[in-house]
Amino acid sequence: RSSARNTCAAELALTTGMRLSEWSTLLDIEVPAESGGAPVALQACAKNGRSRRVYIPASTVESINLYPDTERVSLVRKSQSSLRQKLPSLAIVSEIDCSVGKLTYAIDGQPKRVPIAGIPIDVRRRLVRVQDSGFVEPLSLFVGKGGKPPTQRRWHQYFVDANERLIMFADE
């Protein structure tokens, strides 16, 4: 179980009003590392691809910023073998320019420079940075087994499981 990840995801959903397709595909670079609230631009992952901005409250940003240093780092470390094997099918990031909100990545050897908010969901799920040491770092904020983000179907199952645990406690 990844309780810190799931707690952060639930808090993000509840405090921002983001849809599952939006918060589950956020990239780590879209949530500021410093404390304080922050607006996030959504487009490709938003309903009907409509551009909109969502504000993440300071308390939620602080909670989210704890997750990468705990569960996430451990999951990513354990997933290195799997991530390296999948490299040919992943989107390799070569440049992140947050000052202009653009990212450069290559899929199948084809480089693309695009606005971060406009990166399609299927590509967001495949974005990784490869460090000089060979360490593969997923850009997805939330990662699961194998270093890839959980699917929407899997997120639904996490919440069904959590609800069942709550019902067990209520019956006691």
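None of the values given here were measured: they were computed from a predicted structure. Numbering of residues starts from 1 in every chain and runs along the sequence as written. With pLDDT at 70 or above as the cut-off, local features in this predicted model cover only qualifying residues; side-chain atom pairs require 80 or more to be listed or tallied, and sums for whole chains, interfaces and linings still use all residues. With hydrogens and water excluded, all non-hydrogen atoms of the structure serve as input to the side-chain values.

Let's talk about the nonpolar core
Here, the term nonpolar core denotes a set of buried Ala, Val, Leu, Ile, Met, Phe, Trp, Tyr and Cys residues that are joined through side-chain atoms within 4.5 Å. Summary of the burial criterion: residues with accessible area below 20% of their type's maximum are buried, those above 50% are exposed, and those between are partly exposed, where the area comes from a 1.4 Å probe applied to protein chains only. Core analysis: the biggest nonpolar cluster contains 24 residues, and Leu-12, Met-18, Trp-23, Leu-26 and Phe-142 have the highest contact counts within it. The helix count covers DSSP runs of H or I at least four residues long, the strand count covers runs of E at least two residues long, and both are numbered beginning at the N terminus. Of all the secondary-structure elements, those providing two or more residues to this core are helix H1 (3–16), helix H2 (20–23), strand E1 (38–42), strand E2 (52–56), helix H3 (58–66), helix H4 (71–78) and helix H7 (152–171). If you tally residues by element for this core, the top one is H1, at four residues. For this analysis, residues touch if any pair of their heavy atoms sits within 4.5 Å. Apart from residues lying up to four places away in sequence, Trp-23 is in contact with Ala-9, Leu-12, Ala-13, Met-18, Phe-142, Trp-155 and Phe-159. Ranked by size, the runner-up nonpolar core spans 12 residues in total, among them Ala-91, Leu-103, Ile-116 and Val-123.

As for the pattern of salt bridges
Throughout this description, the term salt bridge denotes a Lys or Arg side-chain nitrogen within 4 Å of a carboxyl oxygen of Asp or Glu. Scanning all chains against the criterion turns up seven salt bridges. Here Arg-52 and Glu-22 are joined by a salt bridge, their closest N and O atoms 2.5 Å apart. In this pair, Arg-52 is assigned in strand E2 and Glu-22 in helix H2, connecting sequence segments 30 residues apart. With a closest N to O distance of 2.8 Å, Arg-129 and Asp-28 form a salt bridge. Of this pair, Arg-129 sits in strand E6 (residues 127–130) while Asp-28 sits in the loop between H2 and E1, placing them 101 residues apart in sequence. Relative accessible area serves as the criterion here: at 19%, Asp-28 is assigned to the buried category. Beyond isolated ion pairs, a larger network of salt bridges with shared partners links Arg-19, Glu-22 and Arg-52.

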